Amino acid sequence: MTRSLLVGIALSHVHMGAIACTRLVFQGADGHVVTARSMDWKSDITSNLWVLPRGMQRTGEAGANSINWTSRYGSVVTSGYDISTTDGVNEAGLAANLLWLVESQYPTFDAKSKPGLSIAAWAQYVLDNFATVEEAVKALETQPFTIVSDSVPGENRLATLHLSMSDATGDSAIVEYIGGHQVIHHNRSYQVMTNSPVFDQQLALNTYWQQIGGTTMLPGTNRAADRFARASFYVNAIPKDQDANKTLASVFSVIRNVSVPYGLTTPGEPNISSTRWRTVFDHERKLYFFESALTPNTFWVDLKNIDFSRDKGKVLKLDLGPNQDHPFAGDATGAFQPAKPFRFLGI
C-alpha cells in the first residue's frame, strides 16, 4: 500500500472520530499482562461499577427468539446508562471492551435467525461464559447468536460497536461485523483497538507509522487512526521488566496519552467526544482500576476479595454519581452495596 493511499484512508475518516475510545494490551516480562481502555463520549454515559456473581440467569433480550444462558464466571463490569456492559473483567482474568465502530453492519434478525443477543449484553455474554480469548473465539466462530442492535439511549442513531477481548496470557482478539458478517481478528500482536476505519485498515495505517518510527514522528490528533499509531508505539516502548506498580504507572501514562481532553471543542466537530473515564486491569493480580476525568482519585477493585459464588455471591453496585464525579480512592472493593441487577436494553 502506497503512502498516498494510506494518507487518503486516514483523511477519509477525519470526521468519524466523534465517538471515540481506545483499548490497548501491555505484554510484559514474566507473563505480566495489563489491559487499558478509555471511554470517550459526548455526554454523561451514566456509568457505574457492578459485581455480578456466578449462576445468574441471562436472556439475550431479543424477544421470544433470544439466546439464554447461566453465567459460569463472576465479573466486575462498568455499565453504560445502566442498561449495558461497556467494559469489564471476570474472575478467570478475561477482559472485554466495547468500542464504537461506525462501519458496523449487523445481520438481519428475524424468526428464522439464530437466537438473538442484544448488543448491550454482548460483552457480558463473553465474560459470563469464557475464561480465555481462545475459548471465546472458538465459541464465537460457530456464531451461536445473532447480534441485535438498537438506538443509543436518547439518540436517533444505531449503536454500532465492535468487541475486544484479552486474557491473562496476553492473547487478544477483535470482533467486528462488516457487511452483515462476523469478522474475528485473533492474534497476540493485536494489542490496540480504536474506532474507524475497520481493523484491517487500522493495521495498514499503523504499518506506515512503524516505518517512520515513533521517536521520529507520531501523529498527534484525536482521530482514531492517530490514536492507534500512538498507542501501538508507546505500549511497546515502555519497559517490560518493571515491578507491578511501575508497570501500572506506565500503562496509565499510555492510555492517558491517547485520551481526549475533557471539554474539548473543535470548530467543525460539534460532537467531538471527551474522555469520560479510563479502566486498567492487571490480569495477574486481578486488580481492576477506574479513573474518572472529573476526579483526581484513582481507585481499584480487588477481584480476589470478592465472593462470586453461586450460593453466597450477591449483585453489588458502586454508584459513581453523575459524570462519574465520585468520592472513591484507593481500594474500593468494600464500598459496593447490594442492588438489583440492571436489565440489558433489548427489543
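The structure presented is a predicted model; accordingly, all values stated were derived computationally and were not measured.

We now examine the overall build of the chain. Tallying secondary structure elements over the chain gives 6 helices and 20 strands in all. Whereas a compact globule of 347 residues would reach a radius of gyration of roughly 20 Å, the chain reaches 19 Å, a difference of no more than 12%. Residue burial in the chain is summarised as follows: out of 347 residues, 58% are buried. Within the chain, counting contacts between residues at least 6 apart in sequence, those at least 24 apart form 69% of the total. Carbon and sulfur atoms form 52% of the exposed surface of the chain, whose accessible area is close to 14,000 Å².

Quick look at the sheet that holds strand 11 (residues 161-166) now. Spatial ordering of the open sheet is given by 13-12-11-8-7-6-3-18-20, a layout of 9 strands whose pairing is antiparallel. At either margin of the open sheet sits one strand with a lone partner, and together these are strand 13 (181-186) and strand 20 (337-338).

With that settled, consider the pairing of strand 8 (residues 95-100). Of all 6 residues that make up strand 8, 6 are buried, and the element is covered over most of its length. Burial along strand 8 is two-sided: the face carrying Ala95, Asn97 and Leu99 and the face carrying Ala96, Leu98 and Trp100 are both buried. Relative to strand 8, strand 7 (residues 84-90) is paired through 3 bridges, and the arrangement is antiparallel. Bridge pairing in strand 8 links Val89 to Ala95. If you look at the hairpin formed by strand 7 and strand 8, you'll find 4 residues sitting between the two strands, and Gly93 has a positive phi there, around 100°. With 6 bridges joining them, strand 8 and strand 11 adopt antiparallel strand pairing. Among the inter-strand pairings, Trp100 is bridged to a residue of strand 11, identified as Leu161.

By size, the foremost hydrophobic cluster in this structure holds 85 residues, and its most contacted members are Trp122 and Met165. Those residues in contact with Trp122 that lie beyond four places of it in its chain are Leu98, Leu117, Phe145, Ile147, Leu161, His162, Leu163, Val175 and Tyr177.

Evaluated as defined, the whole model comprises 12 salt bridges. Between Arg37 and Asp87 there is a salt bridge whose closest N-O contact spans 3.0 Å. In this pair, Arg37 sits in strand 2 (residues 33-41) while Asp87 sits in strand 7, placing the two residues 50 residues apart along the sequence. The same class applies to Arg37 as to Asp87, namely buried. The salt bridge involving Arg72 is made with Glu135; its shortest N-O contact spans 3.3 Å. Here Arg72 is found in the loop between strand 5 (68-70) and strand 6 (75-80), whereas its partner Glu135 is found in helix 3 (residues 133-141), with 63 residues between them in sequence. Under the relative-accessibility criterion, Glu135 is labelled partly exposed at 27%. Each member of the salt-bridge network shares a partner with another, and the members are Arg256, Arg278 and Glu291.

Once that is clear, we can look at the packing of helix 4 (residues 199-212) against helix 5 (residues 224-237). At a closest axis distance of 9 Å, the pairing of helix 4 and helix 5 adopts a crossing angle of 60°. Taken as axis vectors, helix 4 and helix 5 run oblique relative to one another. The handedness of the crossing between helix 4 and helix 5 is right-handed. Together, Phe199, Gln202, Leu203, Leu205, Asn206 and Trp209 of helix 4 and Ala224, Ala225, Phe228, Ala229 and Ser232 of helix 5 make up the contact between the two elements. Across the contact of helix 4 with helix 5, the residue classes tally to 8 nonpolar, 3 polar and no charged.

Read across the open sheet, the 7 strands follow the order 14-1-2-15-16-17-19; overall the sheet is mixed. Single-partner strands in this sheet number two, and they are strand 14 (192-193) and strand 19 (330-331). Note: strand 2 against strand 15 (residues 274-282), 8 bridges, orientation antiparallel. In the strand pairing of strand 15, Ala36 is matched with Val280. Across the sheet, helix 5 touches strand 1 (21-27) and strand 14, and the angle it forms with strand 1 is around 15°.

With that settled, consider the confidence of the model for the chain. The predicted model of the chain averages 90 in pLDDT, with 92% of residues at 70 or higher. Here residues 1-17 scores under 50 on pLDDT; set against residues more than four positions off or in separate chains, the count is 24 contacts.

This next bit is on the environment of Ser172. Mapped onto the fold, Ser172 is located in strand 12 (residues 172-178). In this structure, the C-alpha to C-alpha distance between Ser172 and Val133, residues 39 residues apart in sequence, is 6.3 Å. A polar atom in the side chain of Ser172 sits 2.6 Å from the backbone oxygen of Tyr190.

With an omega of 0°, the peptide bond between Ser196 and Pro197 qualifies as cis. Along the chain, Pro197 falls in the loop between strand 14 and helix 4.

Among the structural elements, His162 can be located in strand 11. Engagement of the side chain of His162 in a polar contact is seen with the backbone oxygen of Trp100, the distance being 3.5 Å. Discounting residues that sit within four places of it in the chain, His162 has contacts with Asn97, Leu98, Leu99, Trp100, Leu101, Trp122, Ile174, Val175, Glu176, Met193, Thr194 and Asn195.

Parameters at a glance
Residues numbered from 1 in each chain as written. Predicted model: local features only at pLDDT ≥ 70, side-chain atom pairs only at ≥ 80, totals over all residues. Heavy atoms only, no water. Helix = DSSP H or I, 4+ residues; strand = E, 2+ residues; numbered from the N terminus. Rg over C-alpha atoms; globule rule 2.2 N^0.38 Å. Buried < 20%, exposed > 50% of the residue type's maximum accessible area, 1.4 Å probe, protein only. Contact = heavy atoms within 4.5 Å. Areas by Shrake-Rupley, 256 points an atom, 1.4 Å probe, with all protein chains shown as cover. Pairing = 2+ DSSP bridges. Core = buried A, V, L, I, M, F, W, Y, C linked by side-chain atoms within 4.5 Å. Salt bridge = Lys/Arg side-chain N within 4 Å of Asp/Glu carboxyl O. Axes fitted to C-alpha atoms, helices over the stretch in contact; angles between N-to-C directions. Parallel < 35°, antiparallel > 145°, perpendicular 65-115°, else oblique. Left-handed = near helix turned anticlockwise from the far one by under 90°. Nonpolar A, V, L, I, M, F, W, Y, C, P; charged D, E, K, R; others polar. pLDDT = per-residue confidence, 0-100. Polar contact = N/O pair within 3.5 Å; in protein donor to acceptor, adjacent residues only side chain to side chain.

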